[in-house]
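Coordinate inspection notes
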Amino acid sequence: MTDLAHTPVLLEESLQALAIKPSGVYLDGTFGRGGHARALLARLGPGGRLLAIDRDPAAVAQGEVLARLDPRFAIVHAPFSRLAGVAREAGVLGAVDGLLLDLGVSSPQLDEAERGFGFGVDGPLDMRMDPTSGLSAAEWLAQAPEPEIARVLHELGEERFARRIARALVRARAQAPIATTKRLAELVAAAVPTREPGKHAATRTFQAIRMRVNGELDELRVALGAVCDLLAAGGRLVVISFHSLEDRIVKRFIRDEARGERLPRGLPVRGVEAAGRLRPVGKLVRPSAAEVVANPRARSALMRVAERLA
């Protein structure tokens, strides 16, 4: 995630967590506008290698410019759920010294009205990280049943007025399609009786619909499932998340992989339990007060780190 000047969040902290080897192989699963990637390349030697992927064609286009300038770098257009396949095709599966996942939506996506992620400027209600694939937010809202809309707002947006908002949206779409960010924001604002101080009433709704349209939690689960096959012994996993649900998934994944396989209690003969494949590195990292002042969009960032065991 980046600020208006595309400044990457937790940049120095994430680079330190990756424990970069000059001749190592690294994978950036969320290239965005390349803030982390460029800083990582600056610490690699001539024999180092950085492979990036992104599902946003605009991000990939910027990455291709970088790839033409730096032979150590390559980028692939794909969601990060395809990490294992991309690494296999590149011949680095099991040989990756560090994997960075910077979750959420980037500032260029938020700030470009035509992408439909935000409501600061009116635009088409799209919200797809890859506009060439899947249903847009407007298309999903046009056909989703009211209970499903309410569930998504409650579970992904942690919106306490989820049912009230869902009813209002279903009533409104019967009159005219909800096709723009401004109309969605106005409908939500009119439906909720109170709002959180300093937050627009539609913030949680936009977040929830975006996460649903892009399947963000499922993408994360699939990507994490490939981590232990991707990383070399001693390789680092660094995940920056911006949502409590994302962070919970990452936290539990690292915990479970650190514990290893646990057989059910009460078995008459207990076999040898498999050792853990990861170890947590350090504690949860948050941005400094100075970073939050310089980049308010960093305020909810959470970083967790783990290392692949031999």
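Here the residue numbering is sequential within each chain, running from 1 through the sequence in written order. A pLDDT threshold of at least 70 governs which residues receive local features in this predicted model, and a stricter bar of 80 or more applies before side-chain atom pairs are shown or counted, although totals over entire chains, interfaces and linings include all residues. Side-chain measures here rest on the full set of heavy atoms in the structure, leaving out hydrogens and waters.

Considerations on the overall build of the protein
Secondary structure elements are defined from DSSP: runs of H or I of at least 4 residues count as helices, runs of E of at least 2 residues count as strands, and each element is numbered from the N terminus. Secondary structure assignment for the protein yields 14 helices and seven strands. We compute the radius of gyration over the C-alpha atoms and compare it with the globule rule, which gives 2.2 Å times the number of residues raised to the power 0.38. For the protein, whose C-alpha radius of gyration is 21 Å, the value lies close to the compact-globule estimate of 19 Å for 310 residues. Each principal axis of the C-alpha distribution contributes one length, and for the protein these read about 60 × 60 × 40 Å. Each residue is assigned to one of three classes by its accessible area relative to the maximum for its type, calculated with a 1.4 Å probe on protein chains only: buried under 20%, partly exposed between the two thresholds, exposed over 50%. Per-residue burial for the protein yields a buried fraction of 51% across its 310 residues. Should any heavy atoms of two residues lie within 4.5 Å, those residues are considered in contact. Contacts spanning at least 24 positions in sequence make up 67% of the contacts within the protein whose residues lie at least 6 apart. Method for areas: the Shrake-Rupley scheme with a 1.4 Å probe, in which residue coverage is limited to the protein chains shown. Of the accessible surface of the protein, which amounts to about 14600 Å², a share of 54% is contributed by carbon and sulfur atoms. Counting 44 positive and 37 negative side-chain charges, the protein places the centres of these two groups 5 Å from one another. His is not counted, nor are the chain ends, whereas Lys and Arg count as positive and Asp and Glu as negative. Where a charge lies is defined by one atom per residue type: Lys uses NZ, Arg uses CZ, Asp uses CG and Glu uses CD.

Thoughts on the confidence of the model for the protein
In this model, the protein carries an average pLDDT of 92, and 93% of its residues clear a pLDDT of 70 or more. The low-confidence segment residues 1-5, where pLDDT is below 50, has 23 contacts with residues more than four positions distant or belonging to other chains. Known as pLDDT, the predictor's confidence for each residue is given on a scale from 0 to 100.

Remarks on the pairing of strand 7 (residues 302-308)
Buried residues dominate strand 7, accounting for seven of its seven residues. What you see with strand 7 is no split at all: Leu302, Arg304, Ala306 and Arg308 on one side and Met303, Val305 and Glu307 on the other are buried throughout. Where strand 5 (residues 231-241) meets strand 7, six bridges bridge the pair, whose relative direction is antiparallel. Its bridge partner being in strand 7, Leu237 is matched across the sheet by Ala306. Strands were regarded as paired on the criterion that DSSP finds at least two bridges between them. Sheet topology places strand 6 (residues 278-280) next to strand 7; three bridges connect them, and they run antiparallel. Each bridged residue has a counterpart across the sheet, and for Pro280 the counterpart in strand 7 is Ala306.

Notes on a positive patch on the surface
Judged by side-chain charge, Arg163, Arg164, Arg167 and Arg171 come together as a positively charged surface patch. Positionally, Arg164 belongs in helix 8 (residues 162-175). Think of a patch as exposed residues, more than 30% relative accessible area, with no salt bridge, where like charges cluster within 9 Å and nonpolar side chains (Val, Leu, Ile, Met, Phe, Trp, Tyr) cluster within 5 Å. Salt bridges are counted wherever a side-chain nitrogen of Lys or Arg sits within 4 Å of a carboxyl oxygen of Asp or Glu.

Quick word on the packing of aromatic side chains
Aromatic pairing here means that ring centres of Phe, Tyr or Trp (its six-membered ring) are within 6.5 Å. Orientation follows from the plane angle: under 30 degrees is stacked, over 60 is edge-to-face, and everything else is tilted. One pass over the structure, following the stated rule, counts two aromatic pairs. Centre to centre, the rings of Phe31 and Phe73 are 5.6 Å apart; their planes meet at 40 degrees, and the pair counts as tilted. Of the two residues, Phe31 sits in the loop between strand 1 (25-28) and helix 2 (35-43) while Phe73 sits in strand 3 (residues 73-77), which places them 42 residues apart along the sequence. Among the residues examined, Phe73 registers a relative accessible area of 4% and is labelled buried. With centroids separated by 4.8 Å and ring planes inclined at 75 degrees, the aromatic side chains of Phe119 and Phe206 adopt a geometry described as edge-to-face. Of this pair, Phe119 sits in the loop between helix 5 (107-111) and helix 6 (137-143) while Phe206 sits in helix 10 (residues 203-214), and the two are 87 residues apart along the sequence.

With respect to helix 10
Here the expected length of a helix is defined as 1.5 Å per residue gap, with one fewer gap than residues. Between its terminal C-alpha atoms helix 10 stretches 17 Å, which fits the 16 Å expected from 12 residues at 1.5 Å a residue. All of the buried residues along helix 10 are Thr205, Phe206, Ala208, Ile209, Arg210, Met211, Val213 and Asn214. Residues of helix 10 that are buried sit in contact with helix 6, helix 7 (146-157), helix 8, helix 9 (181-191), helix 11 (216-225) and helix 13 (244-259). Looking one or two places after helix 10, you find Gly215, whose phi comes out positive at around 55 degrees.

Section: the packing of helix 7 against helix 10
It is at 8 Å that the axes of helix 7 and helix 10 come closest, and there the two elements cross at 105 degrees. Between helix 7 and helix 10, the crossing angle belongs to the class labelled roughly perpendicular. Contact residues: Glu148, Val152, Leu153, Leu156 and Gly157 in helix 7; Arg204, Thr205, Gln207, Ala208, Ile209, Met211 and Arg212 in helix 10. Polarity classes work like this: nonpolar for Ala, Val, Leu, Ile, Met, Phe, Trp, Tyr, Cys and Pro, charged for Asp, Glu, Lys and Arg, and polar for all others, with Gly in that last group. For the contact of helix 7 with helix 10, the per-class residue count stands at six nonpolar, three polar and three charged. For every element, the axis is a line fit to its C-alpha atoms; helices are fit only across the contacting stretch, and the angle between N-to-C directions ranges from 0 to 180 degrees. By definition in this entry, angles of less than 35 degrees are roughly parallel, angles greater than 145 are roughly antiparallel, angles of 65 to 115 are roughly perpendicular, and the rest are oblique.

Details of the pattern of salt bridges
Taken as a whole, this structure holds 16 salt bridges when the rule is applied. The shortest N-O distance in the salt bridge between Glu216 and Arg210 comes to 2.8 Å. Accessibility expressed as a relative area gives 12% for Arg210, which makes it buried. Between Arg277 and Glu257 there is a salt bridge, and its shortest N-O distance comes to 3.0 Å. One end of the pair, Arg277, is in the loop between helix 13 and strand 6; the other, Glu257, is in helix 13, with 20 residues separating them in the sequence. Of the residues examined, Arg277 reaches a relative accessible area of 30% and is grouped as partly exposed. Within the structure, one salt-bridge network assembled from shared partners comprises Arg236, Arg279 and Glu307.

Focus: the side chain of Arg115
Along the chain, Arg115 turns up in the loop between helix 5 and helix 6. Judged by its relative accessible area of 7%, Arg115 is buried. Throughout this description, a polar contact denotes any pair of N or O atoms lying within 3.5 Å of each other; where both atoms belong to protein, one of them has to be capable of donating a hydrogen while the other can accept it, and for residues adjacent in sequence the pair is counted only when both atoms sit in side chains. Engagement of the side chain of Arg115 in a polar contact is seen with the side chain of Asp56, the distance being 3.0 Å. A polar contact of 3.1 Å, which involves the side chain of Arg115, links it to the backbone oxygen of Arg128.

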